[in-house]
Structure formats: structure tokens, C-alpha cells
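Read off the chains here:
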Amino acid sequence: MNYQKLDTALTMALNEVQEPEERRLIVFIHTHSVPDATATAFLESLGVSVTTGKDVFAATLSPHAISQLSEQPWVKYLRLSQQLRPL
């Protein structure tokens, strides 16, 4: 796992996971540029819905998938989705 690509909230959430295979986290995947065919295939193999021309994707992933993504050179960083609260 490349922790330099994870935001603090995501790192803390991963450290709190008791059952890694059963837990899923909603994350934003930021890439350096629009993914090429290889990167798109990799994302789709993890169940990420890839929109052509975009470089940010939302996905619900396991800790193992997050670890795999963090090691990819085309991934800029991964950020945990936060629950919005009414004002």
C-alpha cells in the first residue's frame, strides 16, 4: 500500500477495518490524466464505472482494491468520501 497517495481520513478508516474482505469504503480516485485503455481496464476490473474524458471517479472498494490502486503509477491520490451534513 502506498500511503502517500491516501488522504488522512482514508488511512484512518483502513486502520479501523476489522474484517477487510467484508468492509467496503466509498472513495474518490484521482488520476494524473484521463486513463488510457490499460488503466481503464484495470479500473473496470475493480468494478469502477469509468466515464470517458474524466480523471476523477467514485467507487465503493475493498481495502485490498484500494491497496492495488494506490500502487498504480497513474493514480494521483485516493480520498475517502465524507458524509455531508445539513447546515
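Rules of the game
Residues numbered from 1 in each chain as written. Predicted model: local features only at pLDDT ≥ 70, side-chain atom pairs only at ≥ 80, totals over all residues. Heavy atoms only, no water. Pairing = 2+ DSSP bridges. Helix = DSSP H or I, 4+ residues; strand = E, 2+ residues; numbered from the N terminus. Axes fitted to C-alpha atoms, helices over the stretch in contact; angles between N-to-C directions. Contact = heavy atoms within 4.5 Å. Phe/Tyr/Trp six-rings, centres within 6.5 Å; stacked < 30°, edge-to-face > 60°. Buried < 20%, exposed > 50% of the residue type's maximum accessible area, 1.4 Å probe, protein only. pLDDT = per-residue confidence, 0-100.

**Q** So what's going on with the sheet that holds strand E2 (residues 56-61)? Which residues, and what values?
**A** Reading across from one edge, E2-E1-E3 is the order of the three strands in this open sheet, with antiparallel pairing throughout. Looking at strand neighbours, the two that pair on one side only are E2 and strand E3 (75-80), the edges of this open sheet. Within the sheet, the average angular offset between the axes of one strand and its neighbour, ignoring direction, is 30°. Bridge analysis of strand E1 (residues 25-31) against E3 gives five bridges, and the strand direction is antiparallel. From the neighbouring strand, phenylalanine 28 faces E3, where its bridge partner is arginine 79. On top of the sheet, helix H1 (residues 8-16) reaches E1 and E3; it is set at about 65° to E3, its chief contact.

**Q** Explain the side chain of glutamine 72 to me, and be specific about the residues and the numbers.
**A** Tracing the sequence through the fold places glutamine 72 in the loop between helix H3 (63-70) and E3. In this structure glutamine 72 touches Lys5 and Phe42, once residues within four positions along its chain are discounted.

**Q** Which residues make up the packing of aromatic side chains, and what values do they have?
**A** Applying the stated criterion across every chain yields a total of one aromatic pair. For the ring pair phenylalanine 42 and tryptophan 74, a centre distance of 6.0 Å and an interplane angle of 80° mean the geometry is edge-to-face. With phenylalanine 42 in helix H2 (residues 37-45) and tryptophan 74 in the loop between H3 and E3, this pair connects stretches of sequence that are 32 residues apart. Under the relative-accessibility criterion, phenylalanine 42 is labelled partly exposed at 22%.

**Q** Lay out the confidence of the model for the chain with the relevant residues and their values.
**A** In the predicted model, the chain carries a mean pLDDT of 90, and the fraction of residues at 70 or more is 99%. Mean pLDDT in the chain bottoms out at H1, which sits at 90, and peaks at E3, which reaches 96.

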